[in-house]
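Overview (structure and organization)
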Amino acid sequence: MNDSDTSKLELLTEEQRTRTGDTRHPTRTPRDAASLILLDRTDTVPRALLGKRGKAHAFMPDLYVFPGGRRDPADNRTPLARPLRDDVADKLMQRTTARFHSYAARGLAVAAAREMLEEAHLSLTPEEYAGSLRPDVSHFRYLARAITPPGQPRRFDTRFFVCFCDEMGLDPTAIRDSDELHDLTWLPIDSHHSHPLPRITKVILGELTQALEEDPSLPFGRTVPYYYFRNGRSVRELI
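Residues numbered from 1 in each chain as written. Predicted model: local features only at pLDDT ≥ 70, side-chain atom pairs only at ≥ 80, totals over all residues. Heavy atoms only, no water.

**Some remarks on the overall build of the chain**
To keep it simple, the criterion reads: Helix and strand labels come from DSSP, where a helix needs a run of H or I of at least four residues and a strand needs a run of E of at least two; each type is numbered from the N terminus. We call a residue buried when its accessible area falls under 20% of the maximum for its residue type, exposed when it is over 50%, and partly exposed in between, using a 1.4 Å probe and counting protein chains only. Pairs of residues are marked as contacts when any of their non-hydrogen atoms sit within 4.5 Å. Accessible surface area values rest on a Shrake-Rupley calculation with a 1.4 Å probe, where residue burial reflects the displayed protein chains alone.
Counting secondary structure elements, the chain contains five helices and nine strands. Classification of the 239 residues of the chain by burial places 52% in the buried group. Here the analysis covers contacts within the chain between residues at least 6 apart in sequence; of these, 72% occur between residues at least 24 apart. As displayed, the chain offers around 11,400 Å² of accessible surface, 47% of which is attributable to carbon and sulfur atoms.

**Thoughts on the layout of surface pockets**
Here the idea is plain: a probe the size of a water molecule rolls over the atoms and shows the empty space left. For clarity, the threshold we go by: A cavity here means a set of 1 Å grid points, computed over protein atoms only, where a 1.4 Å probe fits but cannot escape. A pocket is an open set with protein on both sides within 12 Å along at least 5 of 7 lines, and lining residues have an atom within 4 Å of a point. Grid points are joined across faces, edges and corners, and a volume is the space filled by probe spheres set on the points. Classes in brief: Ala, Val, Leu, Ile, Met, Phe, Trp, Tyr, Cys and Pro nonpolar; Asp, Glu, Lys and Arg charged; the others, Gly included, polar.
Put simply, the second largest pocket is a space of about 310 Å³. If you trace the second largest pocket, you find 13 residues lining it, with P30, D32, T97, R99 and F100 closest to the centre. For the lining of the second largest pocket, the secondary structure elements donating two or more residues are β5 (141–147) and β6 (156–164). Considering only residue class, the lining of the second largest pocket consists of four nonpolar, three polar and six charged.

**Looking at the pairing of β5**
Rules: When DSSP finds two or more bridges between a pair of strands, those strands are recorded as paired.
With seven of seven residues buried, β5 lies mostly within the body of the structure. In terms of strand pairing, β5 meets β6 through six bridges, oriented antiparallel. Opposite A146, over in β6, you have T158 as the bridge partner. The pairing of β5 with strand β8 (residues 225–230) spans two bridges and is parallel. Paired with R145 across the two strands is Y226, which belongs to β8.

**Points about the packing of aromatic side chains**
Convention followed: A pair of aromatic rings is counted whenever rings of Phe, Tyr or Trp (Trp by its six-membered ring) have centres within 6.5 Å, and the orientation is called stacked for planes under 30 degrees apart, edge-to-face for over 60 and tilted otherwise.
Scanning all chains against the criterion turns up four aromatic pairs. Summarising the aromatic geometry, the rings of F66 and F160 are spaced 6.3 Å apart at their centres and angled 80° between planes, so their arrangement reads as edge-to-face. Of the two residues, F66 sits in the loop between β3 (64–65) and β4 (68–70) while F160 sits in strand β6, which places them 94 residues apart along the sequence. With 5.4 Å between their ring centres and 40° between their planes, F140 and F161 make a pair best called tilted. Remark: F161 occurs in strand β6 and F140 occurs in the loop between α3 (102–120) and β5; sequence separation between them is 21 residues. In this structure F140 comes out as buried when scored by relative accessible area, which is 0%.

**A few points about α3**
We apply this condition: Here, expected helix span is obtained from the residue count minus one, scaled by 1.5 Å.
With 19 residues, α3 ought to run about 27 Å at 1.5 Å a step, and its terminal C-alpha atoms sit 27 Å apart, in line with that. Most of α3 sits out of view: 14 of its 19 residues are buried. Looking one or two residues past α3, H121 carries a phi angle of roughly 60°, positive in sign.

**Remarks on the pattern of salt bridges**
Where we set the bar: Put simply, a salt bridge is a Lys or Arg side-chain nitrogen that is within 4 Å of an Asp or Glu carboxyl oxygen.
Within the structure shown, the criterion is met by 18 salt bridges. For the salt bridge of R85 with D87, the shortest nitrogen-to-oxygen distance reads 3.5 Å. For R85, a relative accessible area of 38% puts it in the partly exposed group. When the shortest N-O distance is used, the salt bridge between R95 and E237 registers 2.7 Å. Of this pair, R95 sits in the loop between α2 (86–92) and α3 while E237 is found in strand β9 (residues 233–238), placing the two residues 142 residues apart along the sequence. Residue classification places E237 among the partly exposed positions, given a relative accessible area of 22%. Through salt bridges that share partners, R70, D72, D75, R114, E115 and E118 make up one connected network.

**Focus on the nonpolar core**
Quick note on the threshold: Side-chain atoms within 4.5 Å are what join buried Ala, Val, Leu, Ile, Met, Phe, Trp, Tyr and Cys residues into a set we call a nonpolar core.
L36, L38, L49, F140 and F161 are the most contacted members of the largest nonpolar core, which has 41 residues in total. Counting only elements with at least two residues in this core, the list comes to β1 (31–40), α2, α3, β5, β6, α4 (165–168), β7 (181–188) and β8. Top contributing element to this core by residue count: α3, with 10 residues. Apart from residues lying up to four places away in sequence, L38 is in contact with R47, A48, L49, M116, L122, C163, C165, L170 and W186. Counting 24 residues, the second-largest nonpolar core is a separate cluster that includes I37, L50, I189 and L208.

**Some points on helix α5 (residues 199–214)**
For α5, built from 16 residues, the straight-helix expectation of 22 Å at 1.5 Å per residue is met to within 8% by its first-to-last C-alpha distance of 23 Å. Along α5, the residues classified as buried are I200, T201, V203, I204, L205, E207, L208, T209, A211 and L212.

**Side note on the confidence of the model for the chain**
We count it as follows: For every residue, the pLDDT score states the predictor's confidence, bounded by 0 at the bottom and 100 at the top.
Summarising the model, the chain shows a mean pLDDT of 88, and 86% of its residues fall at 70 or more. Confidence drops under a pLDDT of 50 for residues 16–21, and excluding neighbours within four residues, the segment shows 10 contacts in the predicted structure.

This is the structure we're talking about:
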C-alpha cells in the first residue's frame, strides 16, 4: 500500500470516528446505489459535475456530491440503447452475493443514468429513443465502490461510474438544478477545496485523478478500489 492509499483510508476512518462520536444509528443493511461522474475534458484539467444537497436531507446535507442514488427495482427492467462493456459488467459482478444477478448489475448503470436525468436534467438516452428512458451506458467505466460505514442514518453500497461528456455527445452547459441537487458545478478534479465535499467524494476524486494520470483514456477493465469498514476501520480492497 502506498502513501496515497494510506491517506485515503485515514481520511475515511477519521470521518467514521467523528460521525459515530455524535449520533450513532442502528446498523442498517446497505442498499445498492450508483453515482455517475461526468467529466468535461475541454480544459487542461478535467472537471467533474457535482451538485449541492439540500439541508433537509438526512444523508449528507449541504454537501456537494456526484449525481446518483439507490437502484430501484424498475431499473433492472429498463431497456438500454447500448449495454455496458462486457469487462465492466463482469467487474460489477465480482465481490457480490449469489442473489446479485446480471440484471442487477445493469440496473446499477440505469440508476446512474436515471439519477443524472432527474438531478441534473442531462439525458443519456439517444435521440432515436427520445421521450423515454433508454440510456446508452456503453461508455461507462467502473471507477470505484464504497459502502457507507455503520452508524449512519442511511447506508449505501455505491458503485461509482465515470464517462466523458464528449464521448456521450453531452453539452456541459445544458445542466439544470433540480429539487435534489442545486448549484450544479463543474469542479476541477484536483482543486475542489472551495466547496464542502463528503470525505468519500474527496477519496473518489483522488482515485479518479490517479487513474487519469496512469492512463487519460480510463481503460474499461481496470482494477477497481473497494472501500468498506471492518472492525471500525476503513479497508481498501482491489477487485
